[in-house]
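# Examination of the molecular architecture
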Amino acid sequence: MTIKYQHSIGCNNTENTPHTPFKLTDHPEFTFNSPVGLCSDQYKRLWVADTANNRLIVLDKSMTRVLKVYGEPGEEPGQFNMPFRLLHHPEKPLIYVSDLANRRIQVLQYTKNLSIKTINVFGNTGPKNEHLQGPNGLTFCEGKLCVADEFFVNEDGGGRIVIFSESGEFINDIQTINGATDPGLLWPQGISSDKQGRLYIANTGFYNIVRCDLSGNGIPFSATGTSEIEGLDVSRDVSIINNILYVPGGSANHINRYSMGGEALLPLGEFFAPIQVLAHPDSKTDIVVTDPILASVSRYAVIDNAPLAIPIQIAGPARNNPGQLYFVTSAITEAIRPDTTYSTPQNTPDTSIFSGYKNPFDPLNWASNNLNFWEKSWNFFTNTPFNGWFLPSPRPKNKREDAWLLDGANHQIKRAPLCEDKTKSDAHAKAESLFPLMPGALGIDAFHPCVSIPGQLAPGTALFLVTNYLSGFVSVLQYNPYLDDLVHFSFFAGFGSAPWQLKNPQGITVNDATGDIYIADTGNNRISHWRISKNGIIGFINTYGEQGNGDGQFSGPSDVSVDQQDRLYITDQMNNRVQVLNSEGLYLYQFGQQGYGEDNDNFLLPTSIQATDEHLFINDLVNRSLKSFTHEGVFVDSFSGLGAKPNTGQLWMPYLLHADNDRLIVPDCATNQVHIYSTLDK
Amino acid sequence: MKILEAAIKKRSNKLQQSPMTPETKEKLEQLFHKSTTESEAITATKELTQAHAELHRQSPPPIAP
């Protein structure tokens, strides 16, 4: 069996870019795609790395007009693969671009009228130890260019900072920080410097900011006594603005701020996923912030002692063009029969699903009940002991099969036809919009009852179950053949840590044969088990697991899948392993361990898993590798590669994958495309 | 791979602890409290918001070079 890229779904409209200059309001179809880097030039214009679109955008200082668009996907000078951070030379009209997936730096010499005079490329030539492996953050320090080489790995597993002359000659690198608390650098992303020649490094793998000189000697902060600022949720970047350190995302939805001595200042709130902060070139107080997930570049005013920055201008129209995806997180394939008929509900289910009982979601009532309640209620509602009412429903043959895509930031499930000829490329497949979802919708799976469930408008079609990361609810949707749309059917769970609640759930799977529903209850470090009856009643069964790294314990379980033998496969994300349980939650076995590797059973943040008849497919996030295994955990094959080059299947932030017996579907929530790979036998 | 192992261990410890040290948390709570009780800061925020809104309304569209 081999994993081979076929095609992708999701358009980005880059082929329809208007002639520059133009007003953003005149062209709402012009959108960013996971923008990251920012810098300003000598004419107070803003340069934005439109990273997943592999181009640079130049905005005027008001951020209402696009003045120029540079670049396209590729490996030639002036072409990019994930242009990430931007840096302006301290004096000369030069823009430095970390061309991350091409593993090089490009330097663009621009003119006042925004033509490019020269392009210098370096970082990918010379002795092998000088080659960049994943250039990210950039800063000038004492006339030298310092590059955070995020994906460099030394023999100890650590990363590095590479120091070049301004024209690109390799000078040296920093792999350890002398006197630092942590043993080295790991996945350093952001970097900044001050006028005293001190470097500030967003040391992502260690969740801190570390300060050192150009020789790698740690320089303690007066507030911490060490050369680190600790306590960050995420450390992706650090900027120095008006003698204040800005750390975007240091706390969830915030930009953390620190004095130059490392003292915590009031963070700025109300952000979503900020990744870079820049001083606005025409203001002493305003900042400009990129947010890749929101696909926006925004200007804010900052005032002393206020916990919020005040939005002034947001560039980045919503990504809601036809066929466009916006933080796509999960996908399934499903065939809805074109001749599906409407069924008048004869016995509409009580979608509150708990009719006849006091609300068990009320903690006071819950306290008086116990977990057996649900088994009893199952028997009550169905008037029969549970013994497996559902048989696998044969998927319709010779019917159009669609990919159903959870388009999170457009709050929709979208549908795209799949080619019947699975070897044929269909890169231009456009998704069509369907049902609006609540913000936070994340995972999806389909349930195929073999008998009509009362109240189902189109008997014989699947029910769609959608987890919501923010609310903890699971929505159950059904197909309405009149509307050709998905509509409400039921819901269950809710946010919290009580047994029947979910906290930041992600992946979900349903056993068609039994109606058992399993949810990766990530925030509670457990698997949540529910069951849907033949009457459409959804009842809670049990939870499995707790925080830890022992057998049957979890640390951030992110996805779950069930096979034909009713075994549960769980990506135990922070423990970097896969655990296998039986259908009642008893531990069976595990495989995998932390480590780099594209073609073995090492994992770094395994994020998603799907069992097919013969294989397991796993999204190994940090290794940017889609791996297949036998059910027992023996490695079979993989497809790997970091990047955003179209029509290659390259990966940036792959999320909850879906597999059937001859196809693998992988949504990438950063490139906003859904990649389809064949998984046929050799 | 000792650096990777150290980072994983740090992550594991972090998951079992508050993301902030008690000192940092206390400091931030003080700052939040201060910012939400100082009427001057709130007034300044509102005034600045209004000023920016008015400025934005009056500004002519920028001209591209």
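Residues numbered from 1 in each chain as written. Chains lettered and ligands numbered in written order. Predicted model: local features only at pLDDT ≥ 70, side-chain atom pairs only at ≥ 80, totals over all residues. Heavy atoms only, no water.

## Re the overall build of chain B
The following threshold applies: Put simply, DSSP H or I for four residues or longer makes a helix, DSSP E for two residues or longer makes a strand, and each gets a number counted from the N terminus. The cut-offs for exposure are 20% and 50% of the maximum accessible area for each residue type, with area from a 1.4 Å probe on protein chains only; residues under the lower value are buried, those over the upper are exposed, and the others partly exposed. Per-residue accessibility takes into account occlusion by the displayed protein chains alone, with areas from the Shrake-Rupley method and a 1.4 Å probe.
Secondary structure summary: chain B contains three helices and zero strands in total. Secondary structure elements in chain B, listed N-terminal to C-terminal, are α-α-α. Taking all 65 residues of chain B together, 20% fall into the buried category. Surface exposure of chain B reaches about 4800 Å², of which carbon and sulfur atoms provide 57%.

## Description of the overall build of chain A
The condition that has to hold: Contacts were defined at the residue level, with two residues in contact if any of their heavy atoms lie within 4.5 Å.
In terms of regular secondary structure, chain A is built from two helices and 51 strands. Residues counted as buried form 62% of the 682 residues belonging to chain A. For chain A, restricting intrachain contacts to residue pairs at least 6 apart in sequence, the fraction spanning at least 24 positions comes to 52%. For chain A, the exposed area adds up to about 24600 Å²; of that, 49% sits on carbon and sulfur atoms.

## Considerations on the side chain of His631(A)
Residues and elements named next belong to chain A. The line we're drawing: Each polar contact in these results corresponds to two N or O atoms within 3.5 Å; when the atoms are within protein, one needs to be able to donate a hydrogen and the other to accept it, and residues that are neighboring in sequence are counted only if both atoms are side-chain atoms.
With respect to the helices and strands, His631 occurs in the loop between strand E47 (625-629) and strand E48 (635-640). Only 3.4 Å separates the side chain of His631 from the backbone oxygen of His615, close enough to count as a polar contact. The contacts of His631, once residues within four sequence positions are left out, are Asp563, Arg567, Tyr569, Tyr589, Thr612, Asp613, Glu614, His615 and Leu616.

## Things to note about the sheet that holds strand E25 (residues 296-301) of chain A
Residues and elements named next belong to chain A. Under the convention used in this document: Pairs of strands are assigned from DSSP output, requiring at least two bridges between the strands. Angles run from 0 to 180 degrees between N-to-C directions of axes, and those axes are lines fitted to C-alpha atoms, restricted for helices to the stretch in contact.
Taken together, the four strands give an open sheet; going across it, the order is E23-E24-E25-E26, and neighbouring strands pair in antiparallel fashion. Two strands close off the open sheet at either side, each with one partner strand: strand E23 (276-279) and strand E26 (310-315). Adjacent strand axes in the sheet meet at a mean angle of 25 degrees when their direction is disregarded. Sheet topology places E23 next to strand E24 (residues 286-291); four bridges connect them, and they run antiparallel. In the sheet register, Val277 faces E24, and the bridge partner there is Val289.

## Quick word on the packing of aromatic side chains
All names here are of chain A. As a reminder of what qualifies: The rule is short: rings of Phe, Tyr and Trp, with Trp giving its six-membered ring, pair when the centres are within 6.5 Å, and they are stacked under 30 degrees, edge-to-face over 60, tilted in between. For a ring to carry a charge above it, either NZ of a lysine or CZ of an arginine must fall within 6 Å of the ring centroid while also lying within 35 degrees of the normal to the ring plane.
All told, the structure shown has 20 aromatic pairs over all chains when counted by the stated rule. Here the aromatic rings of Trp47 and Tyr70 are separated by 5.4 Å at their centres, their planes lie at 15 degrees, and the arrangement is stacked. Here Trp47, found in strand E4 (residues 46-50), pairs with Tyr70, found in strand E6 (residues 65-70); they are 23 residues apart in sequence, far enough to count as distant. Neither residue differs from the other here; Trp47 and Tyr70 are each classed as buried. An aromatic cluster is defined as three or more aromatic residues linked by ring pairs; in this entry it consists of Phe591, Phe603, Phe629 and Phe635. The positively charged end of Arg160 is found above the aromatic ring belonging to Phe152, 4.0 Å away from the centroid. Above the face of the Phe221 ring, Arg211 is positioned so that its terminal group lies 4.2 Å from the ring centre.

## Section: the pairing of strand E45 (residues 606-611) of chain A
All names here are of chain A. Here E45 lies mainly inside the structure; six of its six residues are buried. In this sheet, strand E46 (residues 616-620) lies alongside E45 in antiparallel orientation, the contact comprising five bridges. If you follow Ile609 over to E46, its bridge partner there is Ile618. Linking E45 to E46, which pair antiparallel, is a turn of four residues.

## A closer look at the sheet that holds strand E11 (residues 135-141) of chain A
All names here are of chain A. As summarised here, the arrangement of the four strands in space is E11-E12-E13-E14, forming an open sheet in which the pairing is antiparallel. Looking at strand neighbours, the two that pair on one side only are E11 and strand E14 (170-174), the edges of this open sheet. On average, adjacent strands in this sheet sit at an angle of 25 degrees to one another, irrespective of strand direction. When strand E12 (residues 144-149) meets strand E13 (residues 160-164), the two strands line up antiparallel, connected through five bridges. Within the sheet, the bridge partner assigned to Val147 lies in E13 and is Val162.

## Remarks on the confidence of the model for chain B
Caution applies to low-pLDDT regions: their predicted coordinates should not be interpreted in detail. All names here are of chain B. How we decide: A residue's pLDDT is the confidence the predictor assigns to it, expressed on a 0 to 100 scale.
For chain B, the mean per-residue pLDDT works out to 56, and 20% of the residues sit at or above 70. Per-residue pLDDT, averaged within each element of chain B, yields its smallest value for helix H2 (residues 22-37) (52) and its largest for helix H1 (residues 2-15) (77). Ignoring residues within four places in sequence, the model shows residues 34-39, a span with pLDDT below 50, making eight contacts including any to other chains. In this model, residues 58-65 is a region of pLDDT below 50 whose contacts with residues beyond four sequence positions or in other chains number ten contacts. Two numbers describe this predicted complex: its pTM, 0.85, and its ipTM, 0.70.

## Overview of the nonpolar core
Residues and elements named next belong to chain A. Put simply, the rule reads: Put simply, a nonpolar core is a bunch of buried Ala, Val, Leu, Ile, Met, Phe, Trp, Tyr and Cys residues held in one set by side-chain atoms that sit within 4.5 Å of each other.
Formed by 20 residues in total, the largest nonpolar core has its most connected members in Leu465, Phe492, Ile517, Ile519 and Trp530. Every element with two or more residues in this core is listed here: strand E32 (463-468), strand E33 (473-480), strand E34 (485-493), strand E35 (508-510), strand E36 (516-521), strand E37 (526-532) and strand E38 (538-544). By residue number, the principal contributor to this core is E34, which donates three residues. With near-sequence residues (within four places) excluded, Leu465 lies in contact with Gly443, Ile444, Asp445, Phe447, Val474, Ser475, Val476, Phe492, Ile508, Val510 and Ile517. The next biggest cluster of nonpolar side chains, apart from the first, holds 16 residues, and it includes Leu437, Ala441, Ala446 and Val466.

## A look at the environment of Ile413(A)
By the secondary structure assignment, Ile413(A) is in strand E29 (residues 412-417). Residue classification places Ile413(A) among the buried residues on the basis of a relative accessible area of 0%.

## Structural notes on the state of the cysteines
Residues and elements named next belong to chain A. Stated precisely, the cut-off is as follows: Two cysteine sulfur atoms form a disulfide, by the criterion used here, when they sit within 2.5 Å.
Tallying each qualifying case throughout the model produces zero disulfides over all chains. Lacking any disulfide linkage, Cys669 is separated from the closest cysteine sulfur, that of Cys11, by 18 Å. On the accessibility criterion, Cys669 (10% relative accessible area) is buried.

## Things to note about unusual backbone geometry
Residues and elements named next belong to chain A. Following Thr20, the chain continues into Pro21 via a peptide bond in cis, with omega recorded as 0 degrees. With a phi close to 55 degrees, Asn672 is a non-glycine residue in the positive phi region. For Asn672, the location among the structural elements is in the loop between strand E50 (663-668) and strand E51 (673-678).

## Quick notes on the environment of Glu230(A)
Considering the arrangement of structural elements, one finds Glu230(A) in the loop between strand E18 (228-229) and strand E19 (239-241). Judged by relative accessible area, Glu230(A) falls into the partly exposed class, the value being 31%. Along the chain, Glu230(A) and Phe206(A) lie 24 residues apart, while their C-alpha atoms are 8.7 Å from each other. Excluding anything up to four places from it in sequence, Glu230(A) contacts Asp182(A), Phe206(A), Tyr207(A), Asn208(A) and Lys10(B). In terms of polar contacts, Glu230(A) uses its side chain to reach the side chain of Asn208(A), at 3.1 Å.

## Focus on the side chain of Gln673(A)
Residues and elements named next belong to chain A. Position of Gln673 among the secondary structure elements: in strand E51. According to the relative accessible area criterion, Gln673 is buried, its value standing at 14%. Looking at Gln673, its side chain comes within polar contact range of the main-chain oxygen of Gly10, at 2.7 Å.

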